[in-house]
Amino acid sequence: MNIDFTLLTPEFLLTTLGFLVLGVDLTVNRSRRNEITAAVSLAGLLFVGIFSVIFLWDKDTALYGGMYRIDHYALLFKTIFIPIGFITVIMSVEYVGKRMLIFGMHVHIGIQDLDLRIDIMNQMRYFMPHILALSTSSPFWQGNDTGFKSFRSIIFEDLPRTGIPEIFDSYQDYKDYTKTLIKCNSISDPTKIWWDIRPHPIYPTLEFRICDCCTRLDDAIGIASLIQGLVAKLIVLRNSNQTWRNYRGSLIHENKWRATQSGVNANLLDLGRNREVSYKKLMYEMLEFVDDVIDDLGSKAHLASIEDIIENGSSADRQLKIFNETNDLKLVVDHLIKQTTPEFHNE
């Protein structure tokens, strides 16, 4: 697949890893879809760009996790990765913005039709906590065990216009919402809306922003593939005049809190059955739900990493295991370095 790298622009936080997944809109013809439906990982590009800078200073400091503040590394990351756009945000949110030394992963799914993009966003809200749990990689903050698997999520929601979005009736309804914010001087443009999932204001994509930055590349690709599969499945259902039910945002937020705190070990609310169910059971049901579309997308092999996370835990679980055994946070960092760049460490 040919990628036009002139389309790539900096994230709000350059410590955010971006994935671009194209062509999930199944209304395009099959031959064209076969060219564009594969998940396109930009991880390699970003790894090279980030690591090349870091390795000039110390090749042993490259790592990916949801957040880390240890000794002088924090100053290095801040100095290198804060773009001008972030400085403007700092000016608007003051000290809250200065706490944003966090690392996330965004996944973009291409959906051309504007109303379809909003409809799929409404339906995908339900799945956001489940996806977050897979990616959790930020159990520590300022050298302390926070008791959460994704403390990055806690930090990020200090900002306005974050979290699970509300339901919109149409793309015009969403545009009216953004126009109100702009007219009332809350934001200068829609890029200042930082929900866990949003219609991208520039590109023809639905942007999934809820994930911590994955430590292992295979996990990142697996999560991107799962998101792609869920969106494709919802579009297939919509074409058959079926839809996923829209649930209360407060109940979805309850599941997000549980995923943030306990990750893959959580019990989540099954909102369809109106009862508490283990995360593991819900995730295997989700994999079964997308099973009939992933072959067509060519992503079935990538979902093996999802099953591995379900059974063995996320990056946060591995980090906490090492910390609980050794009480040494630097050994956790060593582990992250090895997991992120195994080719340099014979792992």
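Everything quoted here is computed from the prediction, not taken from an experiment.

A. Up close: helix 15 (residues 315-326). With twelve residues, helix 15 should cover 16 Å at 1.5 Å per step; its first-to-last C-alpha distance of 17 Å lies within 8% of that length. Those residues of helix 15 that sit buried are Ser-315, Ala-316, Asp-317, Arg-318, Gln-319, Leu-320, Ile-322 and Phe-323. Turning to helix 15, the residues buried within the fold contact strand 4 (140-141), strand 5 (144-145), helix 10 (217-239) and helix 16 (329-340). Where helix 15 terminates, the next one or two residues include Asn-327, which has phi positive at roughly 55°.

B. Looking closely at the nonpolar core. One finds Met-124, Ile-131, Phe-208 and Leu-226 to be the most contacted residues of the largest nonpolar core, which totals 64 residues. When residues in this core are grouped by element, the largest group, eleven residues, is from helix 10. For Leu-226, the contacting residues outside a window of four places in its chain are Leu-134, Met-283, Met-286, Leu-287, Val-290, Leu-303 and Ile-306.

C. Inspection of unusual backbone geometry at higher detail. One non-glycine residue, Gln-142, lies in the positive phi region at around 55°. Mapped onto the elements, Gln-142 comes out in the loop between strand 4 and strand 5. Phi is positive for Asn-241, which is not a glycine, with a value near 60°. By secondary structure assignment, the location of Asn-241 is in the loop between helix 10 and helix 11 (249-262). For Asn-241, a relative accessible area of 76% gives the class exposed.

D. Here's a closer look at the pattern of salt bridges. Applying the stated rule across the entire model yields 20 salt bridges. Of the charged contacts in the structure, one is a salt bridge between Lys-192 and Asp-189, with a shortest N-O distance of 3.1 Å. Across the salt bridge formed by Asp-219 and Arg-216, the nearest N and O atoms sit 3.0 Å from each other. Taking the relative accessible area as the measure of exposure, Arg-216 reaches 21% and is therefore partly exposed. One salt-bridge network, in which partners are shared between bridges, spans Arg-216, Asp-219, Asp-308 and Arg-318.

E. Structural detail: the environment of Asp-218. Within the secondary structure layout, Asp-218 lies in helix 10. Remark: the alpha-carbon pair of Asp-218 and Ser-305, spanning 87 residues in sequence, is separated by 6.4 Å.

F. Examining the packing of helix 6 (residues 114-124) against helix 9 (residues 171-183) more closely. Running from amino to carboxyl end, helix 6 crosses helix 9 at an angle of 80°, the nearest separation of the two axes being 8 Å. Taken together, the axes of helix 6 and helix 9 are roughly perpendicular relative to one another. Of helix 9, the residues touching helix 6 (which contributes Leu-114, Asp-115 and Ile-118) are Tyr-171, Gln-172 and Tyr-174. Classifying every residue of the contact of helix 6 with helix 9 gives four nonpolar, one polar and one charged.

G. Focus on helix 7 (residues 128-135). Burial analysis of helix 7 places eight of its eight residues in the buried class, the great majority of the element. Those residues of helix 7 that sit buried are Met-128, Pro-129, His-130, Ile-131, Leu-132, Ala-133, Leu-134 and Ser-135.

H. Molecular detail of the pairing of strand 10 (residues 267-270). Relative to strand 11 (residues 275-278), strand 10 runs antiparallel, the two being bridged by four bridges. Following the sheet pairing, Asp-270 is matched in strand 11 by Arg-275. Taking the residues that link successive antiparallel strands as the turn, the strand 10-strand 11 hairpin has four residues, and the phi of Asn-274 there is positive, at about 60°.

I. View of the state of the cysteines. Applying the stated criterion across every chain, the model contains zero disulfides. The cysteine Cys-213 is free of any disulfide, with Cys-214 supplying the nearest cysteine sulfur at 6.7 Å. Under the relative-accessibility criterion, Cys-213 is labelled buried at 0%.

J. Structural detail: the pairing of strand 3 (residues 104-110). Most of strand 3 sits inside the fold, with seven of its seven residues counted as buried. Both faces of strand 3 are covered, namely the face carrying Gly-104, His-106, His-108 and Gly-110 and the face carrying Met-105, Val-107 and Ile-109.

K. Focus on the environment of Ala-266. Position of Ala-266 relative to the elements: it lies in the loop between helix 11 and strand 10. Apart from residues no more than four positions distant in its own chain, Ala-266 is found in contact with Arg-258, Ser-278 and Tyr-279.

L. The arrangement of the packing of helix 6 against helix 10 in detail. Relative to each other, helix 6 and helix 10 sit at 115°, their axes nearing to 10 Å. Relative to helix 10, the element helix 6 is oriented roughly perpendicular. Crossing of helix 6 against helix 10: the hand is right-handed. Every residue of helix 10 that contacts helix 6 at Leu-116, Asp-119, Ile-120, Gln-123 and Met-124 is listed here: Leu-230, Val-231, Leu-234, Ile-235 and Arg-238. Split into classes, the residues belonging to the contact of helix 6 with helix 10 amount to seven nonpolar, one polar and two charged.

Reading the values: the criteria
Residues numbered from 1 in each chain as written. Predicted model: local features only at pLDDT ≥ 70, side-chain atom pairs only at ≥ 80, totals over all residues. Heavy atoms only, no water. Helix = DSSP H or I, 4+ residues; strand = E, 2+ residues; numbered from the N terminus. Expected span 1.5 Å × (residues − 1). Buried < 20%, exposed > 50% of the residue type's maximum accessible area, 1.4 Å probe, protein only. Contact = heavy atoms within 4.5 Å. Core = buried A, V, L, I, M, F, W, Y, C linked by side-chain atoms within 4.5 Å. Salt bridge = Lys/Arg side-chain N within 4 Å of Asp/Glu carboxyl O. Axes fitted to C-alpha atoms, helices over the stretch in contact; angles between N-to-C directions. Parallel < 35°, antiparallel > 145°, perpendicular 65-115°, else oblique. Nonpolar A, V, L, I, M, F, W, Y, C, P; charged D, E, K, R; others polar. Pairing = 2+ DSSP bridges. Disulfide = S-S within 2.5 Å. Left-handed = near helix turned anticlockwise from the far one by under 90°.

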